[in-house]
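For reference, the chains in residue letters:
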Amino acid sequence: AVVSTQSTGVTGVGLLHKPKRPAFPGATEFRGTTFHTNTWNHDCQLEGKRVAIIGTGATSVQAVPCIAKMGPEKLVVFQRSPSWIPNRGNFRYWDWVKTLFRYCPPIHTLYRWFIFLRLELVFLLLFILPPFEKCIHWYICLL
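In this report, the structure presented in the accompanying data block is examined. These numbers come from a predicted model, not from an experiment.

## Observations regarding the overall build of the protein
In step 1: Secondary structure assignment for the protein yields four helices and two strands.
In step 2: Along the chain direction, N to C, the helices and strands of the protein fall in the order β-α-β-α-α-α.
In step 3: Residue burial in the protein is summarised as follows: out of 143 residues, 11% are buried.
In step 4: Put simply, 33% of the contacts in the protein that link residues at least 6 apart link residues at least 24 apart.
In step 5: Here the protein has roughly 13,000 Å² of accessible surface; of this, 61% comes from carbon and sulfur atoms.

## A closer look at the side chain of Ser-60
In step 1: Looking at the element boundaries, Ser-60 is found in helix H1 (residues 58-69).
In step 2: The buried category is assigned to Ser-60, whose relative accessible area is 11%.
In step 3: When sequence neighbours within four positions are dropped, the list of residues in contact with Ser-60 reads Ile-53, Gly-55, Pro-65 and Val-77.

## Considerations on the pattern of salt bridges
In step 1: Applying the stated criterion to the full structure yields one salt bridge.
In step 2: Of the charged contacts, one joins Lys-98 and Asp-95 as a salt bridge, the two residues approaching to 3.7 Å between their closest N and O atoms. Residue Lys-98 and its partner Asp-95 are both found in helix H2 (residues 95-103); the two are separated by three residues, about one turn of the helix.
In step 3: Look at Lys-98 and you get partly exposed, because its relative accessible area is 39%.

## Examining the layout of surface pockets
In step 1: The space that makes up the largest pocket amounts to roughly 1,800 Å³.
In step 2: Taken together, 40 residues form the lining of the largest pocket, with Pro-22, Phe-35, Ile-53, Ile-54 and Gly-55 sitting closest to its centre.
In step 3: Those elements giving two or more residues to the lining of the largest pocket turn out to be strand S1 (50-54), H1 and strand S2 (74-78).
In step 4: The leading source of residues in the lining of the largest pocket is S1, at five residues.
In step 5: Per-class residue counts for the lining of the largest pocket are 19 nonpolar, 14 polar and seven charged.

## Section: a nonpolar patch on the surface
In step 1: On the surface, Trp-94, Trp-96, Leu-100 and Ile-107 cluster together to form a nonpolar patch covering roughly 460 Å² of accessible area.
In step 2: Considering the arrangement of structural elements, one finds Trp-94 in the loop between S2 and H2.
In step 3: Given the relative accessible area of 60%, Trp-94 is considered exposed.

## Here we look at the packing of aromatic side chains
In step 1: Within this structure, the stated rule accounts for seven aromatic pairs.
In step 2: An angle of 15 degrees between the planes, with centres 6.1 Å apart, marks the rings of Trp-94 and Trp-96 as stacked.
In step 3: For Trp-96, a relative accessible area of 56% gives the class exposed.
In step 4: One aromatic cluster in this structure is built from Tyr-93, Phe-101, Tyr-111 and Phe-114.

Definitions and limits used
- For every chain, the first residue of the written sequence is number 1, and numbering continues from 1 onward in sequence order.
- Thresholds applied to this predicted model are a pLDDT of at least 70 for local features of residues and 80 or more for the giving and counting of side-chain atom pairs; totals over whole chains, interfaces and linings are not thresholded and use all residues.
- Remark: hydrogens and water are excluded; side-chain values derive from all non-hydrogen atoms of the structure.
- Numbering of helices and strands runs from the N terminus, with a helix taken as a DSSP run of H or I at least four residues long and a strand as a DSSP run of E at least two residues long.
- Burial status follows relative accessibility: with a 1.4 Å probe on protein chains alone, a residue under 20% of its type maximum counts as buried, one over 50% as exposed, and anything between as partly exposed.
- In this analysis, two residues are considered to be in contact whenever any of their non-hydrogen atoms come within 4.5 Å of each other.
- Each accessible area value is a Shrake-Rupley result obtained with a 1.4 Å probe; residue values ignore everything except the protein chains displayed when judging cover.
- Each reported salt bridge corresponds to a side-chain nitrogen of Lys or Arg within 4 Å of a carboxyl oxygen of Asp or Glu.
- Using a grid of 1 Å spacing that covers the protein atoms alone, one calls a set of points a cavity when a 1.4 Å probe fits there but cannot get out, and a pocket when the set is open and has protein on both sides within 12 Å along at least five of seven lines; lining residues are those with an atom within 4 Å of a point.
- Grid points are joined across faces, edges and corners, and a volume is the space filled by probe spheres set on the points.
- Here the nonpolar group is Ala, Val, Leu, Ile, Met, Phe, Trp, Tyr, Cys and Pro; Asp, Glu, Lys and Arg are the charged ones; every other residue, Gly included, is treated as polar.
- Exposure above 30% relative accessible area and the lack of any salt bridge qualify a residue for a patch; like charges then connect within 9 Å, and the nonpolar side chains Val, Leu, Ile, Met, Phe, Trp and Tyr within 5 Å.
- When the centres of two rings from Phe, Tyr and Trp lie within 6.5 Å, Trp using its six-membered ring, the rings pair. Their planes under 30 degrees apart give stacked, over 60 give edge-to-face, and anything left gives tilted.

Rendered as structure tokens:
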């Protein structure tokens, strides 16, 4: 077992360093050039070609805009299922609330602390108190 006493840990072990090619019907029958972004084929010129990206993960989010700048004839992105992202909770403050915050800074500070502590509670429920992790979806939806 590894024992650690630092307050912050950064993993750099490369857990996703081995490319995983998607398995889908007809993949082996494709006769064009294929490669994974992890093993980029620098000899492949994408200008004027029809390019398909399979997946919308973090790498795809970075690669698609760069590939679009390379001038492909067509660029298509295939996505299995959309990611779930909670509502950001942004809204317009009423004028009277903005006035209150402007002329009574302690109330604004208390409100900011409320937002901070509410979001810290999400972290607490997700990572510190694992039995509550199934309830967190409902909490996030209510934010």
